[in-house]
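Read off the chains here:
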Amino acid sequence: MNIDFSELLDVTIRAVSSLITLFLITKLIGKKQVSQLSLFDYVIGISIGNFAAEMTINLESTEINGIWAVVLFGLFAYLISYLTMKSIVLRRFFMGTPTIIIQDGKILEKSLKKERLDINEMLEEIRSNGYFDLSQIEYAIMESNGKLSIMPKTDYRPLTPKDMDLKLAKESLCANIIIDGKIMHQSLKYMGKDEKWLKKELKVKGYTDFSDILLATLDINEKIVVYERNQNDKILNILE
């Protein structure tokens, strides 16, 4: 088998070019999980992916044409995203609107037909949300991205500290102050601490060598949680 190295080089250059272009376009459009994509976003994503693949493999096509197609679709998606933020009418047209599937504990057959959703699919979505008894559900709404949101009946809602008239300490996000044995000075500064304070606190906990620390976090109450490196620990094969 003869290998055309010049052709392989061409494919490599095209692949790298398409990857860089896709990355930049994704940064432009914004970050969304697949489950959060609207129908329009999904179509745009598939189209851009096809253009990138065609640009990489089809050596007969001009590379700049493929890049331009990806950029054009990306700019179009960005424009639509901007317009839908400004116009409710365009937002409803491109992104869709939520549909009530269950109302006052009753299944709305008309809504199921509108969303092309059968009973078994609805039950599967409800079970995925942690509900196995329909009688516990007050409302169920099919969001525009296809995700089902559920509001349980009052008797089946989780008990909250407010329900019990409890006052809890204020909470905040934990800052990652050590990652892979390295001090995150910016995070420490954000929490109003410095390296000297950190070393003192960790020394009390028995840590003098940060290289043994995989991750260390600090919360608003000055609580430090340390996760040590555990590469030599055995993993239990209970999920096979």
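Residues numbered from 1 in each chain as written. Predicted model: local features only at pLDDT ≥ 70, side-chain atom pairs only at ≥ 80, totals over all residues. Heavy atoms only, no water.

Draft legend 1. Spotlight on the pairing of strand E5 (residues 175–179). Bridge count for E5 against strand E7 (residues 213–218) is four bridges, and the pairing is antiparallel. Residue pairing for E7: Asn-176 is matched across the bridge by Thr-217. Strand direction decides the pairing type here: E5 and strand E6 (residues 182–183), joined by two bridges, are antiparallel. Across the sheet, Ile-179 pairs through a bridge with Lys-182, a residue of E6. Counted between consecutive antiparallel strands, the loop separating E5 from E6 contains two residues, among which Asp-180 sits at a positive phi close to 55°. (Pairing = 2+ DSSP bridges. Helix = DSSP H or I, 4+ residues; strand = E, 2+ residues; numbered from the N terminus.)

Draft legend 2. Molecular detail of the sheet that holds strand E4 (residues 148–152). The strand order across the open sheet built from four strands is E2-E1-E3-E4, with neighbouring strands paired in antiparallel fashion. Either end of the sheet is taken by a strand with one partner, and the two such strands are strand E2 (106–107) and E4. As judged from the two bridges shared by strand E1 (residues 99–103) and E2, these two strands associate in the antiparallel manner. Counterpart to Gln-103 in the pairing with E2 is Lys-106. Contacts from helix H6 (residues 119–128) reach E1, E2, strand E3 (137–142) and E4 within the one sheet, and its direction differs from that of E4 by about 70°. (Contact = heavy atoms within 4.5 Å. Axes fitted to C-alpha atoms, helices over the stretch in contact; angles between N-to-C directions.)

The values are spatial; any link to function lies outside them.
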